[in-house]
2 protein chains.
Amino acid sequence: MPTLGPVDYENLSNTVYATLCDALIQGRFQPGDRLKIRELAEQLGTSVTPIRDTILRLANDEAIIFRSPRDIRIPVMSLTRYREIRSIRLKLEGLAAETAAQVATKADIEALERIVRENEEAIADANRLKGTELNQAFHFMLPQIAQMPVLVGILRKLWLQMGPLIADTYLQGGRSMIDYHYPVIDALKRHHSADAAMAVADDILLGGKALLDRLENNSEPPEGAQ
Amino acid sequence: MPTLGPVDYENLSNTVYATLCDALIQGRFQPGDRLKIRELAEQLGTSVTPIRDTILRLANDEAIIFRSPRDIRIPVMSLTRYREIRSIRLKLEGLAAETAAQVATKADIEALERIVRENEEAIADANRLKGTELNQAFHFMLPQIAQMPVLVGILRKLWLQMGPLIADTYLQGGRSMIDYHYPVIDALKRHHSADAAMAVADDILLGGKALLDRLENNSEPPEGAQ
DNA sequence: CCACGATATAAGATGCATCAAATGCGCGTT
DNA sequence: AACGCGCATTTGATGCATCTTATATCGTGG
C-alpha cells in the first residue's frame, strides 16, 4: 500500500500495531475483553514496550479503552455510538464514493470487481474471516480510488472501533453485506457521483442492518470466542 | 465533562500529550521542524518514555511524521491535502451543525455567544493565541452540542494536522475568521439544520480562504527558513 | 452472618541502560 | 579544491527493573 507510505517503518512497534489491528478487525477480541500488556507480550514474543506503544495508539484510536488506570478493555459498542458512527460513515464514505466516481479508471473498476468476486466466493464458502476482510477492502478501495489518504486514516479509525462488532455479526448478515456493492460499481462505471453516494448509503444502511438489529436486541453475544 | 470522560487519566503520558497538542495548535512548532525525544524530555522535565508515547500517538494522528526512522518532523501541509481536509470538514462539521441545530438548548446558544464575544475581544486585542483557541473552541462546541463524541475525536485529529498552518495564518485572516460564526448561531437559534450546515460551510470555505491563499502562493517554501 | 479493612498480588507507569543505525563531519586522495 | 569514504556522535528502538496503585481476598469484629 503506497498510500500509507511514510508511516510504516518495519519496526517492532508498527508490526505489533498492525497485528493487533488485524486481530481486532478479525474479531479475535470480544467486546468487554480485558487486555494485559505482559500477557500480549508473551503471546507475541516481544517485550512489553512495543505492546505498550500499540495499546496507547489503539486507545488513541478509541479502539480500546482504559476503564481504569489498570483495566484495559475492548469497549462495548453502544447503540447511540453505532448510530453516530453510521452517520459519519454516510457522510465520509459518501464523499469518497462521489469523488471516486469522478476519477475512477478502468483498472480501479476492475479492482473493485475482483474484490466483489472474491467476496462472493468467500460467502459461498461461509468463510467469515475472508468475507469481513474483503468487505472492508471494498470500502477502503473507494477513498483510495478517490486519492484521499486523510479519509483513509479516519475510516481506519472508525473501522477499528467497529471491528469486534462487525466480525461478530457478519455471518448473520448473509448476502446483504455484498448485494449493495454492485450498484456502487455500476455508478462508478457511469461516473455518476450522486448515484455512487446513494449506493454507498444503501450499503451502509441496509447492508449494516444486521449490526443495528444486534445492538437493538442488545443481547449477550453467543460464545463463539476465538 | 462527561463527554471526554474515560479518555483522560492524570498520568504523565496524557499530560505530555495534551501539552504537545496545545503546542501544535498554538503554532509553537513550524512545519518542517524536527522533534527530538530527549530534547523534549528535558524541556518538559520528564524521562523519554512519556515523550515517546506522545510522539507515537501524534504520529498515529498524522500530526507529525517519521521522515526516516530517526527523523521526526512536523509535516508540511500540501495544497491537495488541505483541500482534502477541507472537503472532509465540510461534511463532518456540516453534520455536527445539522444535528446541533436540532438539539441545541438555550444554554448551548449562550455558550456559543460567549465564545464569539470573547473572540471579538481577542481580535480587538490582536491576541493571536487567544483568537485561534476561541475559534477552535467554537468549532468544537458544535459536535459537543450535537452530542457526537466520535465526531469530536475525528475533528481533533484533523485540527491537529492543521494546527501549525492555522496558527501561522490566523492573523492574516483578520475578521473573516469570526464573521461567519454569527449566521451559525442564528441558524441554531432557529433550529434550522440546513441553514446551520450552510453557515458552517461558509465559515470553512470563506473564513478559511486565507489558509488556502497561503498554500497556493507558497507552493515552494524554502525549508531552510532561518 | 455480614461488613469493613488490611494486606498481598497483579499490572500499568516511569525511568533508564543498551543497541543499532542514520547522519554529519573530517580527513585523505585525486 | 572537490568528492568520497569512514568514524564518531546522535537518536530512536527495545528491553527491563522498579514503583505505585487498584483490586481481590481473607480475616476479624460487630
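The rules behind each value
Residues numbered from 1 in each chain as written. Chains lettered and ligands numbered in written order. Predicted model: local features only at pLDDT ≥ 70, side-chain atom pairs only at ≥ 80, totals over all residues. Heavy atoms only, no water. Near = heavy atom within 4 Å. Polar contact = N/O pair within 3.5 Å; in protein donor to acceptor, adjacent residues only side chain to side chain. Helix = DSSP H or I, 4+ residues; strand = E, 2+ residues; numbered from the N terminus. Nonpolar A, V, L, I, M, F, W, Y, C, P; charged D, E, K, R; others polar. Salt bridge = Lys/Arg side-chain N within 4 Å of Asp/Glu carboxyl O. Buried < 20%, exposed > 50% of the residue type's maximum accessible area, 1.4 Å probe, protein only. Contact = heavy atoms within 4.5 Å. Buried area = accessible area lost by both parts, 1.4 Å probe. Least-squares fit on C-alpha atoms with pLDDT ≥ 70 in both. Domains from an automatic or database assignment. Pairing = 2+ DSSP bridges. Axes fitted to C-alpha atoms, helices over the stretch in contact; angles between N-to-C directions. Parallel < 35°, antiparallel > 145°, perpendicular 65-115°, else oblique. Left-handed = near helix turned anticlockwise from the far one by under 90°.

Visitor: I keep staring at the protein's contact with DNA strand D and nothing clicks. Help me out?
Guide: Not every one of the 20 residues close to DNA strand D is listed here, only the nearest: Thr 49 and Arg 70 of chain A together with Lys 36, Arg 38 and Arg 52 of chain B. Within 4 Å of the protein, atoms of DNA strand D come from sugar and phosphate in 58% of cases. Contacts to DNA strand D include Ile 37 of chain B, whose backbone N or O atom sits 3.1 Å from a phosphate oxygen. With respect to DNA strand D, the side chain of Arg 52 of chain B contributes an N or O atom lying 2.6 Å from a phosphate oxygen. Only α1 (12-25) and α3 (48-60) of chain A together with β1 (34-35) and α2 (37-44) of chain B provide two or more residues apiece to the surface near DNA strand D. Taken together, the residues that form the surface near DNA strand D break down as 8 nonpolar, 5 polar and 7 charged.

Visitor: Whenever I open this one, the pattern of salt bridges confuses me. Can you help?
Guide: Side chains that differ in sign of charge can pair as their charged atoms come close. For the coordinates displayed, the defined rule picks out 32 salt bridges over all chains. The salt bridge partner of Arg 156 of chain A is Asp 61 of chain A, with a shortest N-O separation of 3.9 Å. With Arg 156 of chain A in helix α7 (residues 149-173) and Asp 61 of chain A in the loop between α3 and β2 (65-68), this pair connects stretches of sequence that are 95 residues apart. You can call Asp 61 of chain A buried: its relative accessible area is 1%. Between Arg 190 of chain B and Asp 186 of chain B there is a salt bridge, with its nearest N and O atoms 3.2 Å apart.

Visitor: Even after reading the chapter, I still don't get the interface of chain A and chain B, so can you show me in this structure?
Guide: When the parts of a complex come together, some accessible area is lost, and that lost area is often taken as the interface size. Contact with chain A, which involves 36 residues of that partner, is made by 36 residues of chain B. Interface of chain A and chain B: buried area, both sides summed, is about 2,900 Å²; carbon and sulfur atoms make up 60% of it. The shortest N-O distance in the salt bridge between Arg 52 of chain B and Asp 53 of chain A comes to 2.3 Å. Summed over the shared surface of chain A and chain B, the number is 10 residue pairs in polar contact (both at pLDDT 80 or more). At the level of elements, α1, α3, β2, α4 (79-103) and α7 of chain A are the ones that each hand at least two residues to the side of chain A that touches chain B. In terms of residue class, the side of chain A that touches chain B is made up of 16 nonpolar, 8 polar and 12 charged.

Visitor: Help me understand the relation of the copies chain A and chain B in this model?
Guide: Comparison of the two chain copies shows a relationship of rotation about an axis with a shift along it. When chain A is fitted onto chain B, the two copies agree to an RMSD of 0.1 Å after a turn of 180° and an axial shift of 0.0 Å. The operation mapping one copy onto its partner corresponds to a two-fold rotation axis. Both copies present the same face, since 100% of the interface residues in chain A are matched by interface residues at the equivalent positions in chain B.

Visitor: Looking at this model, I keep getting lost on the protein's contact with DNA strand C. Mind explaining?
Guide: In the vicinity of DNA strand C, 19 residues are found, and the nearest of them are Lys 36, Arg 38 and Arg 52 of chain A together with Leu 12 and Thr 49 of chain B. If you look at DNA strand C and keep only atoms within 4 Å of the protein, 57% of those are sugar or phosphate atoms. In the model, a phosphate oxygen of DNA strand C is placed 3.2 Å from a nitrogen or oxygen of the Ile 37 of chain A main chain. Between DNA strand C and Arg 70 of chain B, the relevant distance is 2.9 Å, taken from a sugar or linking oxygen to a side-chain nitrogen or oxygen of the residue. Among the secondary structure elements, those contributing two or more residues to the surface near DNA strand C are β1 (34-35) and α2 (37-44) of chain A together with α1 (12-25) and α3 (48-60) of chain B. Across the surface near DNA strand C, the residue classes break down as 7 nonpolar, 5 polar and 7 charged.

Visitor: Where do I start with the domain arrangement of chain A in this structure?
Guide: Residue and element names in this part refer to chain A. In terms of domain boundaries, chain A breaks down into domain 1 (8-73) and domain 2 (79-217). Between the C-alpha centres of domain 1 and domain 2 there is a distance of 25 Å. Residue-level contacts link 14 residues of domain 1 with 14 residues of domain 2. Together, the buried faces of domain 1 and domain 2 total about 1,200 Å²; carbon and sulfur atoms form 54% of this surface. The salt bridge partner of Lys 157 is Glu 62, with a shortest N-O separation of 3.7 Å. At the junction of domain 1 with domain 2, the criterion picks out 5 residue pairs in polar contact (both at pLDDT 80 or more).

Visitor: Any chance you could explain the sheet that holds strand β3 (residues 71-73) of chain B here in plain terms?
Guide: Backbone-to-backbone hydrogen bonds join strands into a sheet, with any given pair of strands oriented parallel or antiparallel. All names here are of chain B. Read across the open sheet, the 3 strands follow the order β1-β3-β2; overall the sheet is antiparallel. Across the chains shown, the open sheet's two edge strands, defined by having one partner strand only, are β1 and β2 (65-68). Relative to β3, β2 runs antiparallel, the two sharing 3 bridges. Across the sheet, residue Ile 65 finds its bridge partner in β3, namely Arg 73.

Visitor: Please clarify how the packing of α1 of chain B against α3 of chain B should be interpreted in this entry.
Guide: Geometrically, a packed helix pair is captured by the angle between its two axes and the distance between the axes. Residue and element names in this part refer to chain B. Where α1 meets α3, the axes come as close as 8 Å, and the angle between the chain directions of the two elements is 55°. When the axes of α1 and α3 are compared, the pair comes out oblique. Here α1 runs over α3; the crossing is right-handed. Along the contact surface, α1 presents Leu 12, Ser 13, Asn 14, Val 16, Tyr 17, Leu 20, Cys 21 and Leu 24, while α3 presents Pro 50, Ile 51, Asp 53, Thr 54, Arg 57 and Leu 58. In the contact of α1 with α3, the residues fall into 9 nonpolar, 3 polar and 2 charged.

Visitor: Explain unusual backbone geometry to me, please; I cannot follow it from the model alone.
Guide: With glycine set apart, most residues show a phi of negative sign, and most peptide bonds adopt trans. All names here are of chain A. Its identity is not glycine, yet Ala 126 carries a phi of approximately 55°, on the positive side. When you line up the elements, Ala 126 lands in the loop between α5 (106-124) and α6 (128-145). For Ala 126, a relative accessible area of 54% corresponds to the exposed category. The backbone of His 191 sits at a positive phi, close to 50°, despite the residue not being glycine. Within the secondary structure, His 191 is located in the loop between α9 (181-189) and α10 (193-207).

Visitor: Even after reading the chapter, I still don't get the sheet that holds β1 of chain A, so can you show me in this structure?
Guide: Residue and element names in this part refer to chain A. The sheet built from 3 strands is open, its strands ordered β1-β3-β2 with antiparallel pairing. What marks the edges here is a single partner per strand, and that holds for β1 and β2. Direction of pairing for β1 relative to strand β3 (residues 71-73): antiparallel, over a ladder of 2 bridges. Bridging across to β3, Arg 34 finds its partner in Arg 73.

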